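Listed below, chain by chain, are the residues.
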Amino acid sequence: MLDAFMAKDNWAASQSVQRMLSARPASFARIDEFMTGEEIERDPICTSAKAFGVGSLVCTSISMPGGELFLFVFLRWLKDGDYDQATIDLLNGLRPHLARAGLIAQRLGLERAGTAVSVLGDMGLPAAVTNGSGRVLLANSLLDGMADVFRSLAHGGMALVDEPANALFQQAVVQNRDNRVVRSIPVPVVRERPALIVHLLPLRRAAHDIFSGAEILVAATTVSVDATIASPSILAALFDLTPAEARLATALASGRSTQEAAMEIGIAVKSARSYLERIFRKTGTNRQSQLVALLKSARSFV
């Protein structure tokens, strides 16, 4: 039920969700008290909840220091009836603890994202983490120093200075909500700065990461004119490859066939083909020629 709720932007079309976002109840309240009977009947979330056997819902909102708004919703099975006031009072007593837990979870999530951005900086790669709307949450000093490539937008947004590249960049941010695939965007040479590839890598989120708000890792790599292949450690960081997948990708990008690459890194050809399928999924490619071209565009600044 939660997967269906979060799929694409179904939640945004829900009148109950929008009503809660605008009302921002400071204590737990029954959602149906903010809606008419007709609105409840039409609301896709209420309809699917009822079909699933869920009846009464109560909600509260909690604002975070960074401007985020957390909605906590508790549900009851239809067979258990509506929430009574005594239960709502009990939930209100727990509300301060929920607020503290949300704040701590958010800080821990951002610390993990910050570590990833810092490590990429140590490897010589400008990088940042944004939320799903493209607002920058964290950036390393290398990216901060690239004012000729990246520019700031209102409300913490990020854009590319080159207009054609920026059109692709903004499109990739929007499309990330639906397809969550790796996107690589070319940025042409400007004065003394070489051509770049800006990569957008969707961040996988486990349940405990949901409060961090981190959705996209943005990293920039130079275009290699000498076809030098980035090291396996950099490819692993860029595309979330396992060590074995990164070694295979490096061998393939160096011109080896799948059979030759398998022999070089000491795995069976069947295993190499399985690794290759996973590499395709993680890099957003579907042919070996596409993969090789993408990997040859990525090289370290160091």
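Engineer: How should I be thinking about helix α5 (residues 85-122) in this particular structure?
Structural biologist: Compared with an ideal rise of 1.5 Å per residue, which puts 38 residues at 56 Å, α5 spans 55 Å between its outermost C-alpha atoms and is within 8% of the ideal. The largest bend in α5 amounts to roughly 40 degrees and is located at L94, with the proline P96 lying one to four residues further along. Phi turns positive, to about 90 degrees, at G124, one or two residues after α5.

Engineer: How should the sheet that holds strand β2 (residues 54-63) be read in this particular structure?
Structural biologist: Working definition: the strands of a sheet are paired by backbone hydrogen bonds and lie parallel or antiparallel to each other. A sheet is described by the order of its strands in space; here three strands give the open sequence β1-β2-β3, paired in antiparallel fashion. Here the strands that pair on one side only, and so sit at the sheet edges, are β1 (29-30) and β3 (69-77). On the sheet, α5 packs against β1, β2 and β3 and is oriented at approximately 50 degrees with respect to β2.

Engineer: Before we go on, may I ask you to explain the packing of helix α9 (residues 243-253) against helix α10 (residues 258-265) in this structure?
Structural biologist: Describing two packed helices takes the angle between their axes plus the distance from one axis to the other. For the pair α9 and α10, interaxial distance at closest approach is 9 Å and the crossing angle is 130 degrees. Classified by the interaxial angle, the pair formed by α9 and α10 is oblique. As for the relative orientation of α9 and α10, their crossing is right-handed in sense. Within the contact between the two elements, α9 uses A244, R247, L248, A251 and L252 and α10 uses T258, A261, A262, E264 and I265. For the contact of α9 with α10, a count of residues per class yields seven nonpolar, one polar and two charged.

Engineer: Mind showing me how you'd approach the environment of E245 here?
Structural biologist: Within the secondary structure, E245 sits in helix α9. Since its relative accessible area comes to 1%, E245 is described here as buried. Measuring from C-alpha to C-alpha, the distance between E245 and A272 comes to 8.4 Å, with 27 residues separating the pair along the chain. In contact with E245, not counting residues within four places along its chain, are D240, Y275, R278, I279 and K282. Among the polar contacts listed, one links the side chain of E245 to the backbone nitrogen of T242, at a separation of 3.0 Å.

Engineer: How should empty space enclosed by the protein be read in this particular structure?
Structural biologist: Here the idea is plain: a probe the size of a water molecule rolls over the atoms and shows the empty space left. Enumeration according to the criterion identifies one cavity of 30 Å³ or more in this entry. Its volume calculated, the largest cavity comes out at about 30 Å³. Lining the largest cavity we find A172, N176, V181, R183, L200, P202 and I216. Looking at side-chain class alone, the lining of the largest cavity contains five nonpolar, one polar and one charged residues.

Engineer: Would you mind going over α9 with me for this structure?
Structural biologist: Each turn of an α-helix holds 3.6 residues, which means side chains three or four residues apart point in the same direction. Of all the eleven residues making up α9, nine are buried; the element is thus mostly covered by neighbouring parts of the structure. Buried within α9 we find A244, E245, A246, L248, A249, T250, A251, L252 and A253.

Engineer: Explain the sheet that holds strand β5 (residues 136-139) here, please?
Structural biologist: What the five strands build is an open sheet, ordered β5-β4-β10-β9-β8; its pairing is antiparallel. What marks the edges here is a single partner per strand, and that holds for β5 and β8 (183-187). When the angles between neighbouring strand axes are averaged without regard to direction, this sheet yields 20 degrees.

Engineer: Would you mind going over the packing of aromatic side chains with me for this structure?
Structural biologist: To describe a pair of aromatic rings, you give the distance between the ring centres and the angle between the ring planes. Within this structure, the stated rule accounts for two aromatic pairs. Relative to F74, the ring of F28 lies with its centre 5.6 Å away and its plane at 75 degrees, an arrangement referred to as edge-to-face. Of this pair, F28 sits in the loop between α2 (15-23) and β1 while F74 is found in strand β3, placing the two residues 46 residues apart along the sequence. The class of F28 is buried, set by a relative accessible area of 4%. Note on F74: relative accessible area 29%, which makes it partly exposed. For the pair F52 and W77, a centre-to-centre distance of 6.4 Å together with 20 degrees between the ring planes defines the contact as stacked. Of this pair, F52 sits in helix α4 (residues 44-52) while W77 sits in strand β3; the two residues are 25 residues apart in sequence, bridging distant segments of the chain. A relative accessible area of 48% places F52 in the partly exposed class. The exposure class assigned to W77 is partly exposed, which follows from its relative accessible area of 43%. Here the basic side chain of R76 rests over the ring of Y83, its NZ or CZ set 4.7 Å away from the ring centre.

Engineer: What should I look at first to understand the environment of A51 in this one?
Structural biologist: By the element assignment, A51 lies in helix α4. Each C-alpha atom, one on A51 and one on M1, is 10.0 Å from the other, the two residues being 50 residues apart in sequence.

Engineer: Even after reading the chapter, I still don't get a nonpolar patch on the surface, so can you show me in this structure?
Structural biologist: On the surface, a nonpolar cluster with roughly 530 Å² of combined accessible area is contributed by M1, F52, L71, V73, L75 and W77. For the nonpolar patch, the element with the highest residue contribution is β3, accounting for four residues. Locating L75 in the fold gives a position in strand β3. Taking the relative accessible area as the measure of exposure, L75 reaches 41% and is therefore partly exposed.

About the cut-offs
- Chains are numbered independently. Their residues run from 1 in the order of the written sequence.
- Selection of residues for local features in this predicted model requires a pLDDT of at least 70, selection of side-chain atom pairs for listing and counting requires 80 or more, and totals for whole chains, interfaces and linings are taken over all residues.
- Excluded from the side-chain calculations are hydrogens and water; all other atoms, namely the structure's heavy atoms, are used.
- Think of it this way: any DSSP run of H or I at least four residues long counts as a helix, any run of E at least two long counts as a strand, and we number them from the N terminus.
- In this scheme, a helix's expected span is set at 1.5 Å multiplied by one less than its residue total.
- A residue's bend is given by the angle between axes fitted to the 7 residues ending at it and the 7 residues starting at it.
- At least two bridges found by DSSP between two strands are what make those strands a pair.
- Two residues form a contact once any of their heavy atoms are found within 4.5 Å.
- Between N-to-C directions, angles cover 0 to 180 degrees, with each direction set by a line fitted to C-alpha atoms, over the stretch in contact for helices.
- Roughly parallel here means an angle under 35 degrees, roughly antiparallel means over 145, roughly perpendicular means 65 to 115, and every remaining angle is called oblique.
- Left-handed describes a crossing in which the near helix is turned anticlockwise from the far one by less than a right angle; the clockwise case is right-handed.
- Each residue is assigned to one class: nonpolar for Ala, Val, Leu, Ile, Met, Phe, Trp, Tyr, Cys and Pro, charged for Asp, Glu, Lys and Arg, and polar for all the others, Gly among them.
- Whether a residue is buried, partly exposed or exposed follows from its accessible area with a 1.4 Å probe, protein chains only, as a fraction of its type maximum: under 20%, in between, or over 50%, in that order.
- Polar contacts, as used here, are pairs of N or O atoms within 3.5 Å; protein pairs need one atom able to donate a hydrogen and one able to accept it. Residues neighboring in sequence count only if both atoms are side-chain atoms.
- Cavity and pocket criteria rest on a 1 Å grid covering protein atoms alone: a 1.4 Å probe that fits but cannot get out defines a cavity, protein on both sides within 12 Å along at least 5 of 7 lines defines an open pocket, and an atom within 4 Å of a point defines a lining residue.
- Grid points are joined across faces, edges and corners, and a volume is the space filled by probe spheres set on the points.
- Only rings of Phe, Tyr and Trp enter the pairing, Trp through its six-membered ring, and a pair is recorded when the two centres are within 6.5 Å. The plane angle decides the type: under 30 degrees is stacked, over 60 is edge-to-face, the rest tilted.
- Sitting over a ring, as applied to charges here, requires NZ of Lys or CZ of Arg to be within 6 Å of the ring centre and within 35 degrees of the ring normal.
- A patch is a set of surface residues, each over 30% in relative accessible area and not in a salt bridge, joined within 9 Å for like charges and within 5 Å for the nonpolar side chains Val, Leu, Ile, Met, Phe, Trp and Tyr.
- Where accessible areas are quoted, they stem from the Shrake-Rupley method and a 1.4 Å probe; at the residue level, only the protein chains shown are allowed to cover.
- Take a side-chain nitrogen of Lys or Arg and a carboxyl oxygen of Asp or Glu: if they are within 4 Å of each other, that pair is a salt bridge.

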